[in-house]
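The primary structure of each chain is shown beneath.
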Amino acid sequence: MRFSITYNEWIPKEQKLRESLCTLGNGYIATRGAAEECVADKIHYPGTYLAGGFDRAVTKIADKDIENEDFVNFPNWLCLKFRPEGGEWIDLDQMIIHHFQQVLDMKKGLLIRSFTVEDKKGRKTSIKSSRLVSMREKHLAAIAWELTAENWSGKGEICSALDGRVINGGVPRYSDLESHHLEPKYTQEQKDNSILLVVETKQSNLVMAQACSTNVYLNGKEAPMQLNINQEKNYIEQMISFDLDEGHQYKVEKIVSIYSSRDRAITEPSHEACMAIERTGRFEEIAFRHFQAYERLWHKADIGIIDGDKNQLLIRLHIFHILQTVSLNTIGLDVGVPARGLHGEAYRGHIFWDELYIFPYLNLRFPEISRSLLKYRFFRLKEARYIASERGKNGALFPWQSGSNGREESQKMHLNPESGNWIPDNTHLQSHINSAIAYNIWHYYLATEDQHFLSFFGTEIFCSIACFWASMAEYNEAKERYEIKGVVGPDEYHTAYPGSENHGLDNNAYTNVMAAWVLQKAIVILDLIEKSRKRELLKELDISNTEIEKWKEISEKIYVPFLEDGIIAQFDGYDKLEEFPWEDYSKKYGDIHRLDRILEKEGDDVNKYKASKQADLLMLFYLFTPSDIKEIFQKLGYEFNDSMIYKNVQYYNERTSHGSTLSRLVFSWIQLRYDKEKSWQDFEQVLISDFEDIQGGTTAEGIHLGAMAGSLDLVQRGFLGIEVNDKALWINPDIPEHIKKITLRIKYRKHWISISANHHTLKISFEEGWSNMVHIGVIDKMYEFKQGEVREFSISSSSPVE
Ligand code: BGC
């Protein structure tokens, strides 16, 4: 089964996209799949990012001082060049290419690039480069070259460098903003000719040390070579010259160690980096441990789908990139999961609500990672309380975009690349992120039954969020219901009423229903944890019994706006908006997924129209099962029936531009129950969204992790029908006809369970766990599984095939 992506041609205009897709990381650090010999230019963008590596800088825009917190592009450790003495440095953009192949081997976490080039003097040289960022030893990265002078002999030169002269230049839209984040500290020659570069970020004073050794080998032994070390401000290189014989294969190995002042268990970054280089072995040894780590990861992480080859490969690509961004190395780093991975500078490495789409995959395989990511929120409660208080509210409001300390990091102004205008950005009014965090806590708990987390960390976050919603809800006497005003829903196109000076909208249906859910669940959770902890928390958070009664009342009386015929209005006043002429605009512009930008350029305003960027109200049907949603509406005293779901899907489908990769995912999910073919088409769109860069250039700036992880969740929860509720694990497959078989392994409440299903049979095996017995519901019946037990069920009848 395929685990690798192969590019057989050097196509300069695709390079930045490939760099994102071939990023290698280990949840601690990641480096784009740029060529070793290149520097940042129109074709290439080498970028190295550290989990949690942020720096703030101020820029004057339209006479305003705008401060942004950027995801720092740290020194480029890749730099490795070769030239025959007196010749040109090898450069694919300038030389004749006789052969080129680039392979991302996802099974081993290796990026392999092989090529043969010919210089102006007719000298042909072949290089096969293998690169890794160690999954086992998170501070190590390495490159090995197999270098052959194909038709010449003579002296050759290798330049191996650590380059701190880089800036944040990965996103053209941000080019007017301050992009210099690194201050040189020092460069140094170290023991055994290794080199050291130390930099510090300008504002956050984050120190990064990179140490490196480079050696040349022939037939397993060090080749005779001359080595000089050159240094300049923020840059250090090893210049190695050695003799090459025609046809012989030389091995060049560059081993790099990276430490930062964010690390734990260190004395000081440069000391640790140099010591790691002294202690480490050759490439093969590092690679061996790295491959073993991948083998262990894939055992848990893989999802097999048998269909055409391509979809399986894309599923693996998505798993791979989750693991490059967050892995076991992430645990305890005090970081969240950036929406665009550790793969580029788009959205500045910020953490949004996208966790909502990412956690379902992690919870059922790597709950330790989810726990660590949730603790990132816990440790930023102080700032979230401040944000709420600034709005005159109680409790905690987490920022729409979060970075280092949990301050609101959303841009105040953003550039419309279509028009060149800087526009005020009000997307930070998406307070619904608060409910996403609460939802994630609850679902982490359901998947793990981690009572300690819930009791100590989770409930405090949950109740602080509940307090915020209770203070946001205003009672409307006339409606006899509670309202939430001045917010923005997931559809970021609508941030204000047309022509209004005020920002935000009233009664966004998604926000209101989620707030009701949070308030109701907060009461459940308070009754779940130990009584003493409950008492402690209520005192600490100043939550009285009257407040809890208020939570109950609001949760039963929140207002949901309706249009006619069972269609829920996205927000109050949606009915007054104009219909958007979709066909005319499609004809005129072709691609209209960023309608907001097109309209702003035309001097119009997307706020005027019934046109959404992405699923908004429909998120409710994504997050809750039909029976859950029915119960929620019934509790609210609204009539609700199944047919309303499809009506709403149809209504909003016609009014959505899918300007976010998250949108198709949600549509695919919901349509699974109503229009399988349409659902499959959307699923395939989600699968290719980064691989084929369907949003026209955005993947080059970083992958879309929410959509990637969401596609996996579609397979596990959507197609296999895996559902974890407070009582048990349920499995109820509904496999699309395009897929023959699905196999995967999940961790449910400390029990490893492997599942495989085709259209006729479902096989469940309780492999191992902390107890000898586990309850699993299959379709509509509950079964008791003993450890080691394997059972098969006929899908059509749900009865065991025994
Ligand atoms: C989407 C948001 C998402 C963000 C980061 C935006 O384009 O509208 O929902 O959180 O991207 O992925």
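The protein carries the name Trehalose 6-phosphate phosphorylase in an unreviewed UniProt entry, which gives Anditalea andensis as its organism. Listed under Sequence similarities (unreviewed entry) in UniProt, the entry text for the protein is "Belongs to the glycosyl hydrolase 65 family."

Draft legend 1. Representation of the UniProt feature "binding site: substrate" (unreviewed entry) in the protein. Using the residue numbers shown here, the UniProt feature "binding site: substrate" (unreviewed entry) corresponds to Trp 353, Asp 354, Lys 613 and Gln 614. Looking at where Trp 353 falls in the secondary structure, it is placed in the loop between helix H4 (309-325) and helix H5 (355-363). For Trp 353, a relative accessible area of 3% gives the class buried. What Gln 614 contacts, discounting residues up to four positions off in sequence, is Trp 353, Pro 490, Asp 491, Glu 492, Thr 656, Ser 660, Leu 662 and Ser 663.

Draft legend 2. View of the UniProt feature "active site" (unreviewed entry) in the protein. Those residues carrying the UniProt feature "active site" (unreviewed entry) are Glu 492 in this numbering. Locating Glu 492 in the fold gives a position in the loop between strand S24 (481-483) and helix H10 (509-528). Residue Glu 492 is classed as buried on the basis of its relative accessible area, which comes to 16%. Not counting residues within four places of it along the chain, the set of residues in contact with Glu 492 comprises Trp 400, Thr 427, Gln 430, Lys 613 and Gln 614. A distance of 2.8 Å separates a polar atom in the side chain of Glu 492 from a polar atom in the side chain of Gln 430.

Draft legend 3. How the structure looks around the sheet that holds strand S12 (residues 154-163). An order of S7-S12-S18-S17 is seen for the four strands of this open sheet, with the pairing classed as antiparallel. In the strand order of this sheet, the two ends are held by strand S7 (80-84) and strand S17 (226-232), each with one partner. Shown here is a sheet whose adjacent strand axes are inclined to one another by a mean of 20°, direction ignored. Two elements, S12 and strand S18 (residues 235-244), share 10 bridges in a ladder whose sense is antiparallel. Looking across to S18, one finds that Gly 154 is bridged to Leu 244.

Draft legend 4. Representation of the pairing of strand S19 (residues 249-260) in the model. Counting buried positions along S19 gives 11 out of 12 residues, so the element sits mostly inside the fold. Sheet analysis places strand S11 (residues 140-149) next to S19, joined by nine bridges and oriented antiparallel. By the bridge assignment for S19, Trp 145 is matched with Val 252. Two strands pair when backbone bridges link them, and strand S15 (residues 207-218) and S19 are joined in this way by 11 bridges, in the antiparallel orientation. In the strand pairing of S19, Leu 218 is matched with Tyr 250.

Draft legend 5. Structural detail: the sheet that holds strand S4 (residues 48-50). An order of S2-S3-S4 is seen for the three strands of this open sheet, with the pairing classed as antiparallel. Two strands close off the open sheet at either side, each with one partner strand: strand S2 (24-25) and S4. Where S2 lies against strand S3 (residues 29-31), two bridges are found, and the strand directions are antiparallel. By the bridge assignment for S3, Leu 24 is matched with Thr 31.

Draft legend 6. Structural view of the site of the ligand. Close to the ligand lie Ala 339, Tyr 347, Phe 352, Trp 353, Asp 354, Trp 400, Glu 492, Lys 613, Gln 614, Ser 660 and Leu 662. One nitrogen or oxygen atom from the side chain of Tyr 347 is found 3.1 Å from an oxygen atom belonging to the ligand. Measuring from an oxygen atom of the ligand, one finds a side-chain N or O atom of Lys 613 at 2.8 Å. For the ligand, the accessible surface in isolation is 310 Å², of which the surrounding protein chains cover 94%.

Draft legend 7. Molecular detail of the domain arrangement of the protein. For the protein, the assigned domains read domain 1 (4-268), domain 2 (308-720) and domain 3 (731-794). A C-alpha centroid distance of 37 Å is found between domain 1 and domain 2. Summing both sides of the interface, domain 1 and domain 2 together bury roughly 4000 Å²; the carbon and sulfur share of this comes to 58%. Between the two partners, domain 1 and domain 2, sit four salt bridges. Glu 409 is the salt-bridge partner of Arg 56, the closest N and O atoms lying 3.1 Å from each other. The tally of links between domain 1 and domain 2 comes to 26 residue pairs in polar contact (both at pLDDT 80 or more). Elements that contribute at least two residues to the side of domain 1 that touches domain 2 include exactly strand S1 (4-7), helix H1 (15-21), S2, S3, strand S5 (54-61) and strand S6 (64-71). When residues in the side of domain 1 that touches domain 2 are grouped by element, the largest group, seven residues, is from S6.

Draft legend 8. How the structure looks around the packing of helix H9 (residues 451-472) against helix H11 (residues 531-540). Look at H9 against H11: their axes get within 11 Å of each other, and the N-to-C directions meet at 35°. Helix-helix and strand crossings are classified by hand; for H9 and H11 the assignment is right-handed. Taking contact as the criterion, the partners of Ser 455, Phe 456, Thr 459 and Glu 460 in H9 are, on H11, Arg 533, Leu 537 and Glu 540. Taken together, the residues of the contact of H9 with H11 sort by class into two nonpolar, two polar and three charged.

Draft legend 9. Region of the structure containing the nonpolar core. Ranked by internal contacts, the top residues of the largest apolar core, which has 235 residues, are Trp 353, Leu 362 and Trp 551. No other element matches the 13 residues that H9 contributes to this core. Non-local contacts of Trp 551, meaning those with residues more than four positions away in its chain, are made with Cys 463, Ala 466, Cys 467, Ala 470, Leu 519, Ala 522, Ile 523, Leu 526 and Ile 543. Counting 21 residues, the second-largest nonpolar core is a separate cluster that includes Leu 196, Ala 211, Ala 273 and Cys 274.

Draft legend 10. Helix H18 (residues 661-671), seen in detail. Judged by how many residues are buried, H18 sits mostly within the fold: 10 of 11 residues are covered. Its buried side turned inward, H18 meets H5, helix H15 (619-623), helix H17 (642-653), helix H19 (676-688) and helix H20 (705-719).

Draft legend 11. View of the packing of helix H3 (residues 283-301) against H4. H4 packs onto H3 with a crossing angle of 120° between their chain directions and a minimal axis gap of 12 Å. It follows from the interaxial angle that H3 and H4 lie oblique. The chirality of how H3 crosses H4 is right-handed. Contact residues: Tyr 294, Leu 297, Trp 298 and Ala 301 in H3; Arg 316, Ile 319, Phe 320, Leu 323 and Gln 324 in H4. Residue composition of the contact of H3 with H4, by class: seven nonpolar, one polar and one charged.

Draft legend 12. Fine view of the state of the cysteines. For the structure shown, the criterion picks out zero disulfides. Cys 22 forms no disulfide, and the closest cysteine sulfur to it belongs to Cys 38, at a distance of 13 Å. Residue Cys 38 stays outside any disulfide, its sulfur separated by 8.5 Å from that of Cys 79, the closest cysteine.

Draft legend 13. Geometry of the pattern of salt bridges. If you walk through the whole model with that rule in mind, you get 52 salt bridges. Glu 137 serves as the salt-bridge partner of Arg 289, at 2.8 Å between the closest nitrogen and oxygen. A residue pair is termed long-range when its members are at least 10 positions apart, and Arg 289 in helix H3 and Glu 137 in the loop between strand S10 (124-133) and S11 qualify at 152 residues. Salt bridges sharing common partners tie together Arg 56, Glu 67, Glu 69, Arg 407 and Glu 409.

What counts, and where the lines are drawn
Residues numbered from 1 in each chain as written. Predicted model: local features only at pLDDT ≥ 70, side-chain atom pairs only at ≥ 80, totals over all residues. Heavy atoms only, no water. UniProt positions renumbered as here; feature names shortened; annotations may be inferred. Helix = DSSP H or I, 4+ residues; strand = E, 2+ residues; numbered from the N terminus. Buried < 20%, exposed > 50% of the residue type's maximum accessible area, 1.4 Å probe, protein only. Contact = heavy atoms within 4.5 Å. Polar contact = N/O pair within 3.5 Å; in protein donor to acceptor, adjacent residues only side chain to side chain. Pairing = 2+ DSSP bridges. Axes fitted to C-alpha atoms, helices over the stretch in contact; angles between N-to-C directions. Near = heavy atom within 4 Å. Areas by Shrake-Rupley, 256 points an atom, 1.4 Å probe, with all protein chains shown as cover. Domains from an automatic or database assignment. Buried area = accessible area lost by both parts, 1.4 Å probe. Salt bridge = Lys/Arg side-chain N within 4 Å of Asp/Glu carboxyl O. Left-handed = near helix turned anticlockwise from the far one by under 90°. Nonpolar A, V, L, I, M, F, W, Y, C, P; charged D, E, K, R; others polar. Core = buried A, V, L, I, M, F, W, Y, C linked by side-chain atoms within 4.5 Å. Parallel < 35°, antiparallel > 145°, perpendicular 65-115°, else oblique. Disulfide = S-S within 2.5 Å.

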